[in-house]
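Secondary and tertiary structure notes
Single-letter residue listing:
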Amino acid sequence: MKKRMLAMTLALCCIIGMCACKPESGSPSANPSQPVGTSKEPVSEVKYPSGNTLNLIIPVKAGGNMDVLGRAVADYLGDAMGVNVVVENKAGSGGVVAATQYLAEKPNTDTIIFMPANIFTVSPLYNDLEYTLDDYTPIAAYNSEANGVFALAGGPIQSFEDLKNWDASKTLLFGSGGRGVANYLMQAALYKDLGLQADTIPHDSAAEGLVNVIAGTTNVTFASLTLAEQYVKDGSLIPLFTYEKEEYTYADGTKVPPLKQLTGKDYDIPSLQFFAIRAGTDEAVVKYLYDKLQEVFANPDFQADYQSKGGNLANLTGLAATPSADVATMIANNVAIAKELYEKTAG
């Protein structure tokens, strides 16, 4: 009898204890690391990168415009992801060297790459390449530049008319990234149509190209309108035209006419720079990186910093079904334009 009473008493104590430990409906769990409802909700967090470091490849020399804009993102992306972002410059052939070396990376790599679209549109017209766009998954479009051609203030070329009437007995020396890049092809096709004898003086960056004009190494050069603004403002350079569809006006009132209005033809291969990762990377990782980049792009501090560096965010939304496909669609459109211009110079 005593044993039966003892057993009943112990059972009752257990029931009371269990009731006392059970959280009330809507109250926090007794284990703070296991919130109520966690087991019923899918975990969507992506563990990326695998460690505390994300590597970013920039395919140009340090100090160039593309490098400056790429590093602007790196500074904020690290904070958004809670990791260190380490930038590595791998210059060569306008981005071809970096793109080729990146093929050694595996899907889900902790290394992403900042890429110019022209290595998929123009470079294949001049070189046999080891890669195609299919080797990469575009993450997000980033920068799109408004470009133009500039000449030395006070020099022999002060307007587009002066360029058209260039002495046929002399070779026009123009600055570009060299054969195989868009800024070469966009100029070469124009000068061919104008009947000019022209040759390029390659430079490592558009900034170097502007300095070459001022130094007298070249007669004209291609650069983004924002990069050249300081030289236009101080009177060192004259903007001859822009490849944009509309007239461009600098803050000081200087107007830059659109080339299409001057010639009736379009020589523009729209610029685009984007972030990418190795093809085959998990969709969840690509989406995570895209979301973090959009978080950076929406940051007011980043926007102010980016604009001060002459950046212009690319807006490709709606070209295709996904951000990755948006980039691929624009590149496909640019391939057709590049081929048409290439045929002008080859013919």
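The sections below set out a description of the structure shown in this document. All figures in this text were calculated on a predicted structure; none of them were measured in a lab. (Residues numbered from 1 in each chain as written. Predicted model: local features only at pLDDT ≥ 70, side-chain atom pairs only at ≥ 80, totals over all residues. Heavy atoms only, no water.)

What about the pairing of strand β5 (residues 147–152)?
Counted only if it meets this: Relative accessibility decides the category of a residue: with a 1.4 Å probe and only protein chains considered, values under 20% of the type maximum give buried, values over 50% give exposed, and everything between is partly exposed. Think of it this way: any DSSP run of H or I at least four residues long counts as a helix, any run of E at least two long counts as a strand, and we number them from the N terminus. Two strands are counted as paired when DSSP detects at least two bridges linking them.
Burial runs high along β5: five of the six residues are buried. When β5 meets strand β8 (residues 220–224), the two strands line up antiparallel, connected through five bridges. Paired with F150 across the bridge in β8 is T221. Two elements, β5 and strand β9 (residues 237–242), share five bridges in a ladder whose sense is antiparallel. Its bridge partner being in β9, L152 is matched across the sheet by L237.

Here's the deal with the side chain of T109
Stated precisely, the cut-off is as follows: In protein, a polar contact means a hydrogen-donor-capable atom and an acceptor-capable atom, both N or O and within 3.5 Å, with residues adjacent in sequence counting only if both atoms are side-chain atoms; elsewhere, any N or O pair within 3.5 Å suffices. In what follows, residue pairs with any heavy atoms lying within 4.5 Å of each other are defined as contacts.
Relative to the elements of secondary structure, T109 occurs in the loop between α3 (96–101) and β3 (111–116). A relative accessible area of 8% places T109 in the buried class. Within polar-contact distance, the side chain of T109 engages the backbone nitrogen of T111 at 3.0 Å. Apart from residues lying up to four places away in sequence, T109 is in contact with Y48, Y102, I277 and R278.

Notes on the sheet that holds strand β4 (residues 136–143)
Put simply, the rule is: Simply put, an axis is a line fit to the C-alpha atoms, just over the touching stretch for a helix, and the angle between two N-to-C directions goes from 0 to 180 degrees.
Here five strands make up an open sheet; going across it, the order is β2-β1-β3-β12-β4 and the pairing mixed. The open sheet has two free edges, formed respectively by β2 (84–89) and β4, since each of these has just one partner strand. Strand-to-strand twist across the sheet, computed as the mean angle between neighbouring axes with direction ignored, equals 25 degrees. Relative to β2, strand β1 (residues 53–58) runs parallel, the two being bridged by six bridges. Within the sheet, the bridge partner assigned to T53 lies in β2 and is N84. Its contacts with the sheet put helix α2 (residues 65–81) on β1, β2, β3, β4 and β12 (273–278), and the angle it makes with β1 is roughly 170 degrees.

Honestly, that's just the spatial picture; any functional story needs more than this.
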